[in-house]
Structures are given as C-alpha cells and as structure tokens.
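Structural characterization, general
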Amino acid sequence: MRLLFRLAGIFAVSSLWSLPAFATSTGITGHTGKDGATCSTCHKGGALPTVAFEGPTSLEPGATGQYSFIIRGGAARTGGADIAVSSTEAVLQAGANMKKLGAELVHTRPMEFSGNELRFTFSVIAPSTDVTLSLFGAGNSADADLTSEGDRAATTTLSITVGKGSPAGPGPGDDDGGGCAAAGGASLGALAMLALPLALRRRRKS
Ligand code: HEC
C-alpha cells in the first residue's frame, strides 16, 4: 500500500515536472514538513541551508505577533518559503514578498539572498482562546537556475503559547483524579441502568 502511494507520488511529481503550468517557483503549499512532505522532495543537489523563526514565543489571546523566517546558507542565490500553523483558529498574514495561498504563506517569486541570508516577514493573529500553536516553516535555498536541481530546503518549527497554552496547566478547580473517578462512577451507574432491563428481558425470554 505504502509503495503504491509512493509510486503514485513519483508519477504525480514527474508529471508536474513536465508541465510548466504547474511551476512552483511562485509558491507551493503543503511542504512545510507539517504533513511530512518538504520542498526537498523535488529540490535536490544543493547544500543544506539552516532555517529559523524569530518572534515572540508567547502571545495574548487575539493578539498579533510579528515574525521572521530566515534562510541562511545553501546555494544562497535565490530562495522561497512555505509557512503553516497548527491551528485553523490562528491566522497567518503575509509580509513583503509573501502571499497567502490557502491557509499558508508562500514566497511570491524566487527572492534574492542578501549576503548569506534571505528573510521573510509575516504576522500571526492568535486565536481568542488559550492554546499552544506550532509554526511550521520550510525554506528552499536555490541556485537561481529556475530548475529544482542544485537547491535544497530545510524545515523548522516554533511553538507559541497563547494565553496559558494548551493543555492548560493544573490550576484551582483542576482535579484530575477526582474528575476521572467521578466520570468512572457515572458511567458505571449508566451501565447498570442499561444492564438491568436487558437482564430482565433475557429472563422473560427463557
Ligand atoms: C513537486 C516538486 C516541487 C516541490 C515539492 C517544490 N518545488 Fe520549487 N520548483 C520545482 C520546479 C520543477 C522548479 C523549476 C520550475 C519553476 O520555476 O517552477 C522549482 C523552482 C523553485 C524555485 C526557483 C529555483 C531556482 O533555482 O531558480 C524556488 C525558489 C522554489 N521552487 C521554491 C520552492 C519551495 C520553497 C518549496 C517548498 C515549500 C518548493 N519549491 C517545493 C519543483 C518543486
């Protein structure tokens, strides 16, 4: 089954390659590593860059935070990125040279490195409830030949605590043991209520 999927993937990828209409140099989603795939599925042969997020690791519920995603090293001529967030309640907003594609952010075109570095900026609007978010980022460091050869991508993640984060830490009124036992008791009671008429019915039949 796995092999079949993999073969299907290879066919899909090779057909993408032969169709210029599916050019990815203007941005591709689903390759942050969040769901497994990264840009390096296609971009090969170049030196491995390093990538990093910069920005606040905690936000108030509903607040907006400013973030950077930085690619350093690798072929380091041009590059691109794909950024995703774990929660559908959180909103990503594109900064310069980025655009929103579905729920993710991608580069608008291969962007030139400056020095040994390429920096994308964006913002995150936190959900209105306490939760721990994960940002997923993939950065491709390319040789600017407009093929997928001689390039390579790396991925990273950043955890952002919104409010108290999730799961919420133990606080007053949080009594794990009691809660569990109470629930257990309740369902045992419910089972007994269900079992009683069943048992009675069985008796009547025999
Ligand atoms: C399905 C294969 C595939 C995947 C996955 C893919 N690319 Fe590409 N990419 C290509 C191909 C083919 C080209 C060259 C054709 C074109 O311009 O689109 C390319 C070109 C590029 C270029 C220009 C490269 C150069 O040397 O000039 C950049 C930058 C780029 N992609 C970024 C990305 C990023 C960032 C990701 C991951 C988020 C990604 N690509 C994922 C196939 C892919």
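Scroll up to find the structure this text is about.
Quick caveat: nothing in here was measured; it's all calculated off a predicted structure. Residue positions within a chain follow its written sequence, with the count starting from 1. Predicted model: local features are reported for residues with pLDDT of at least 70 only, side-chain atom pairs are reported and counted for 80 or more only, and whole-chain, interface and lining totals are derived from all residues. In computing side-chain properties, one takes all heavy atoms of the structure into account and sets aside hydrogens as well as water.

1. Considerations on the site of the ligand
Filter applied, for reference: Any residue with at least one heavy atom within 4 Å of a molecule or strand is counted as near it. Throughout this description, a polar contact denotes any pair of N or O atoms lying within 3.5 Å of each other; where both atoms belong to protein, one of them has to be capable of donating a hydrogen while the other can accept it, and for residues adjacent in sequence the pair is counted only when both atoms sit in side chains. Runs of H or I in DSSP of at least four residues are treated as helices and runs of E of at least two as strands, each being numbered from the N terminus. For this classification, the nonpolar set comprises Ala, Val, Leu, Ile, Met, Phe, Trp, Tyr, Cys and Pro, the charged set comprises Asp, Glu, Lys and Arg, and every other residue, Gly included, is treated as polar.
Taken together, 25 residues form the shell around the ligand, and within it Thr-24, Cys-39, Cys-42, His-43 and Leu-146 come nearest. Separating an oxygen atom of the ligand from a side-chain N or O atom of Asp-145 is a distance of 3.1 Å. Between the ligand and the protein, one listed contact pairs an oxygen atom with a side-chain N or O atom of Asp-151 at 3.4 Å. Only helix 1 (2-17), strand 5 (78-85) and strand 11 (131-142) provide two or more residues apiece to the shell around the ligand. The leading source of residues in the shell around the ligand is strand 5, at 4 residues. For the shell around the ligand, the class distribution of residues is 11 nonpolar, 10 polar and 4 charged.

2. Things to note about the sheet that holds strand 4 (residues 64-72)
Neighbouring strands of a sheet are bound in pairs by backbone hydrogen bonds; such pairs are parallel or else antiparallel. Quick note on the threshold: DSSP-based pairing: two strands are paired if at least 2 bridges between them are found. Here an angle of 0 to 180 degrees is reported between the N-to-C directions of two axes, which are lines fitted to C-alpha atoms, with helices fitted over the stretch in contact.
Sheet architecture is open: 4 strands sit in the order 2-4-10-6, paired in antiparallel fashion. Looking at strand neighbours, the two that pair on one side only are strand 2 (50-54) and strand 6 (91-94), the edges of this open sheet. Ignoring strand direction, the axes of neighbouring strands in this sheet form an average angle of 25 degrees. Looking at chain direction, strand 4 and strand 10 (residues 117-125) are connected through 9 bridges and run antiparallel.

3. Concerning the packing of aromatic side chains
Note on aromatic pairs: each is described by the distance of the centres and the angle between the planes. For the record, the criterion: To pair, rings of Phe, Tyr and Trp, with the six-membered ring standing in for Trp, must have centres within 6.5 Å; the planes then decide the type, stacked if under 30 degrees apart, edge-to-face if over 60, and tilted in the middle.
A full pass over the atoms with the stated rule returns 3 aromatic pairs. When the ring of Phe-53 is compared with that of Phe-122, the centres are 6.1 Å apart and the planes differ by 70 degrees; the resulting orientation is edge-to-face. Here Phe-53, found in strand 2, pairs with Phe-122, found in strand 10; they are 69 residues apart in sequence, far enough to count as distant. Among the aromatic residues, those joined into a ring-pair cluster are Phe-53, Tyr-67, Phe-69 and Phe-122.

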